[in-house]
Amino acid sequence: MDYQNKLVLAPMVRVGTLSFRMLAAEYGADITYGEEIIDHKLVKCERRLNVASGTTEFVEKGTDNVVFSTCDEEKSRVVFQMGTSDAVRALKASEIVCNDVATIDINMGCPKAFSIQGGMGAALLSKPELIHHILATLKRNLDVPVTCKIRLLKSPADTVELARRIEKLGVPALAVHGRKIADRPRDPAKWDEIADVVAALSIPVIANGDVLEYDDFSRIKTATGAASVMVARGAMWNASIFSPKGKSHWEDVKKKYLRKSILWNNDVKSTKYTIKEMIAHHSCLELPEGKSINKADTLEDLARLYDLEDYFWTVKNIGPLTHNLNHVL
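For clarity, every value in this text was computed on a predicted model and none was experimentally measured.

1. Notes on the overall build of the protein chain
Moving on, step 1. Tallying secondary structure elements over the protein chain gives 14 helices and 12 strands in all.
Moving on, step 2. Its C-alpha radius of gyration of 19 Å places the protein chain within 12% of the 20 Å reference for a compact globule of 329 residues.
Moving on, step 3. Viewed in the frame of its principal axes, the protein chain has a C-alpha envelope of about 55 × 40 × 35 Å.
Moving on, step 4. Relative to its 329 residues, the protein chain shows a buried fraction of 55%.
Moving on, step 5. Within the protein chain, contacts between residues separated by at least 24 positions form 64% of all contacts whose residues are at least 6 apart in sequence.
Moving on, step 6. A total accessible area of about 14,400 Å² is found for the protein chain, and carbon and sulfur atoms account for 50% of it.
Moving on, step 7. For the protein chain, the distance from the average position of its 44 positive side-chain charges to the average position of its 43 negative side-chain charges is 3 Å.

As structure tokens, this is what we get:
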């Protein structure tokens, strides 16, 4: 995978499913990260081909719970991000999915209590030996590239030191979120500290933090010297942020996302969550629309709410053939 001058969709829990990744790519995202999947969950999965939806699914054994879904169209750009605290378990999980994705990425930046308490995410930042063990084990045993995404440490010098240690393991790129563990999204991202990492490394750095408009892609690249740029909230609120033509109206993007969710049979809870995040940012969930979404139990219910019933049934009747029909897409 080429990491130079790329627009990258960040990993986002409950948002970065196949339907949203395909939407982001259609608007111009070059690399699309899936939502973080915990290794404990993936090792309980088996790989299945879903002919009806044209997808490859990783389903929890003994259930119909789809943990991760992908398709051939995104294989060259999709990054599978994993939460782990154990090298052997990370390898076992990676071996299940590695032939269907472009890259395996280890989450070393999530500050949520669940990750920290489990020794995953940002908890790894203070365990360089464990980081070494996980990355070295994966690189030694997998044929796909292995990368990771980190946060800033307490001091710029600490961040640079860790980044250099990671680079020596032979990763092809490093994503850096310009916030520390205690920082919240409202706290400004520290682009200058990302720049310190860029200056210290020879591999491409993917800069992440406070990219909310298309112009921010060039702004953060100029400020940091990063090879590529990653966007999270800005894409969640309006995936057309990736388009050089300018943003589409968020209402149009919302409806297009729902069409993708129907097309790729996205989990209804994930679909509702993502739509509600869009509405909460641009409008208000207390209006009738938000209350109707809360009451929806199925994708068909959401299709009815947004006058997409004909589309819903066309997809259900034709199946994966719809992926190639422009009038349906």
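2. Topic: the pattern of salt bridges
Moving on, step 1. By the definition in use, this model includes 18 salt bridges.
Moving on, step 2. Among the ionic pairs, Lys260 bridges to Glu26, the shortest N-O distance being 2.6 Å. In this pair, Lys260 sits in helix H10 (residues 250-263) while Glu26 sits in helix H1 (residues 18-27), placing the two residues 234 residues apart along the sequence.
Moving on, step 3. Using a relative accessible area of 6% as the deciding quantity, one classes Lys260 as buried.
Moving on, step 4. Close ionic contact of Glu289 with Lys254 constitutes a salt bridge, the shortest N to O distance being 2.4 Å. Here Lys254 lies in helix H10 and Glu289 lies in helix H12 (residues 288-295), a separation of 35 residues in the sequence.
Moving on, step 5. For Lys254, a relative accessible area of 2% translates into the label buried.
Moving on, step 6. Taken together, the shared-partner salt bridges in this structure form one network comprising Glu300, Asp301, Arg304 and Glu309.

3. Some details on H10
Moving on, step 1. Compared with the 20 Å implied by 1.5 Å per residue over 14 residues, the 20 Å span of H10 between its first and last C-alpha is a close match.
Moving on, step 2. Taken residue by residue, H10 has Trp250, Val253, Lys254, Tyr257, Leu258, Lys260, Ser261, Ile262 and Leu263 as its buried positions.
Moving on, step 3. Check the buried side of H10 and you find it contacts H1, helix H9 (233-237), helix H11 (268-282), H12, helix H13 (299-305) and helix H14 (309-318).
Moving on, step 4. Directly beyond the C-terminal end of H10, a positive phi value near 55° is found at Asn265.

4. Overview of the packing of H1 against H10
Moving on, step 1. Contact geometry of H1 with H10 gives a least axis separation of 8 Å together with a crossing angle of 130°. In terms of their interaxial angle, H1 and H10 are classed as oblique. Of the two possible hands of crossing, H1 and H10 adopt the one that is right-handed. In contact with Ser19, Phe20, Leu23, Glu26 and Tyr27 of H1, H10 contributes Val253, Lys256, Tyr257, Lys260 and Ser261.
Moving on, step 2. The residue makeup of the contact of H1 with H10, split by class, is 5 nonpolar, 2 polar and 3 charged.

5. Quick notes on the UniProt feature "domain: DUS-like FMN-binding" (unreviewed entry) in the protein chain
Moving on, step 1. Taken from the UniProt record, the annotation "domain: DUS-like FMN-binding" (unreviewed entry) applies to residues 9-257.
Moving on, step 2. What you have in residues 9-257 is 37% helix and 23% strand, and the ends, taken at the C-alpha atoms, are 15 Å apart.

6. Focus on the pairing of strand E12 (residues 228-231)
One face of the sheet, then the other: side chains in a regular strand alternate in exactly this way.
Moving on, step 1. Burial along E12 is two-sided: Ser228 and Met230 facing one way and Val229 and Val231 facing the other are all buried.
Moving on, step 2. Pairing of strand E1 (residues 7-9) with E12 involves 3 bridges; the strand directions are parallel. What sits directly across from Val8, in E12, is Met230.
Moving on, step 3. Here strand E11 (residues 205-208) pairs with E12 via 3 bridges, running parallel.

Scoring rules and cut-offs
- Residues numbered from 1 in each chain as written.
- Predicted model: local features only at pLDDT ≥ 70, side-chain atom pairs only at ≥ 80, totals over all residues.
- Heavy atoms only, no water.
- Helix = DSSP H or I, 4+ residues; strand = E, 2+ residues; numbered from the N terminus.
- Rg over C-alpha atoms; globule rule 2.2 N^0.38 Å.
- Buried < 20%, exposed > 50% of the residue type's maximum accessible area, 1.4 Å probe, protein only.
- Contact = heavy atoms within 4.5 Å.
- Areas by Shrake-Rupley, 256 points an atom, 1.4 Å probe, with all protein chains shown as cover.
- Lys, Arg positive; Asp, Glu negative; His and termini not counted.
- Charge placed at Lys NZ, Arg CZ, Asp CG, Glu CD.
- Salt bridge = Lys/Arg side-chain N within 4 Å of Asp/Glu carboxyl O.
- Expected span 1.5 Å × (residues − 1).
- Axes fitted to C-alpha atoms, helices over the stretch in contact; angles between N-to-C directions.
- Parallel < 35°, antiparallel > 145°, perpendicular 65-115°, else oblique.
- Left-handed = near helix turned anticlockwise from the far one by under 90°.
- Nonpolar A, V, L, I, M, F, W, Y, C, P; charged D, E, K, R; others polar.
- UniProt positions renumbered as here; feature names shortened; annotations may be inferred.
- Pairing = 2+ DSSP bridges.

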